Amino acid sequence: MEIRLLHGAAIAPYIDELARLRLTVFREFPYLYDGNLDYEAEYLSTYARSGRSLVVLALDGGQVVGASTGLPLVDETSEFQQPFLAQGRDPASVYYFGESVLLPAYRGQGLGVRFFIERESYAHKLAEFDYCAFCAVERPAGHPRRPGDYKPLHGFWRNRGFLHEPSLRTSYSWRDLDEQEQSAKIMSFWLKALPV
């Protein structure tokens with residue numbers, strides 16, 4: 001297994017592989033995402049344009065099997081900045097963690113922990129941010145597509161030192177696997193203070 005750290009324009013050659021990985025993993029509950037490669041490529045180009053972005057790639061035999069992303073919140077879309085602005089918090093103080101996606105065969109081997117360590121380390125090294133943050137979709141416990149063996153990642157995130165801030169919420173629209181049209185999904189944030 002190879003771990004590769006990429007920043008800014010160095011991310012561009014991997015956009016197609018990252019897009020395919022996101023489409024595969026986010027089809028699973030709780031995201032149930034029915035996306036397309038064109039949208040994914042546009043979304044991921046945000047990371048290639050940001051000079052302070054990070055993509056942590058996990059490669060097995062040269063194939064991308066996992067990835068984790070981050071960039072300054074001010075480089076993200078308004079949907080992700082707005083909850084902070086509404087509470088009088090400066091988005092410039094936040095390093096935003098995008099996603100951590102990993103193919104099922106590679107889970108439970110410590111890569112998720114490594115993804116968090118690498119992103120936090122990079123945010124701390126930049127010495128411009130007070131917090132790391134990410135957001136996650138909120139699905140009802142009785143959602144009809146929730147697998148019986150589904151285990152939320154809340155405990156994993158708490159073990160990494162992140163605290164749920166349910167007052168920091170946004171909505172983001174995508175099409176679920178069983179939807180004809182996009183619908184808004186509620187996303188809430190988790191935060192962790194960076195050491196001074």
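Residues numbered from 1 in each chain as written. Predicted model: local features only at pLDDT ≥ 70, side-chain atom pairs only at ≥ 80, totals over all residues. Heavy atoms only, no water.

An unreviewed UniProt entry lists the protein under the name GNAT family acetyltransferase, from Pseudomonas fakonensis.

A. Spatial organisation of the state of the cysteines. Taken as a whole, this structure holds 0 disulfides when the rule is applied. A disulfide-free cysteine, Cys132 has its sulfur positioned 14 Å from the sulfur of Cys135, the nearest such atom. Given a relative accessible area of 0%, Cys132 falls into the buried group. With a relative accessible area of 6%, Cys135 lands in the buried category. (Disulfide = S-S within 2.5 Å. Buried < 20%, exposed > 50% of the residue type's maximum accessible area, 1.4 Å probe, protein only.)

B. Focus on empty space enclosed by the protein. Tallied over the full model, the rule gives 1 cavity of 30 Å³ or more. Counted as a void, the largest cavity has a volume near 40 Å³. Considering the residues around the largest cavity, the lining is formed by Leu18, Leu21, Arg22, Leu44, Ala67, Thr69, Glu99 and Val101. At the level of elements, helix H1 (15-25), strand S3 (63-72) and strand S4 (94-102) are the ones that each hand at least two residues to the lining of the largest cavity. Among the elements that line the lining of the largest cavity, the one with the most residues is H1, at 3 residues. Of the residues belonging to the lining of the largest cavity, the class tally is 5 nonpolar, 1 polar and 2 charged. (1 Å grid on protein atoms, 1.4 Å probe; cavity = no way out; pocket = protein on both sides within 12 Å on 5 of 7 lines; lining within 4 Å. Points joined across faces, edges and corners; volume = space filled by probe spheres on them. Helix = DSSP H or I, 4+ residues; strand = E, 2+ residues; numbered from the N terminus. Nonpolar A, V, L, I, M, F, W, Y, C, P; charged D, E, K, R; others polar.)

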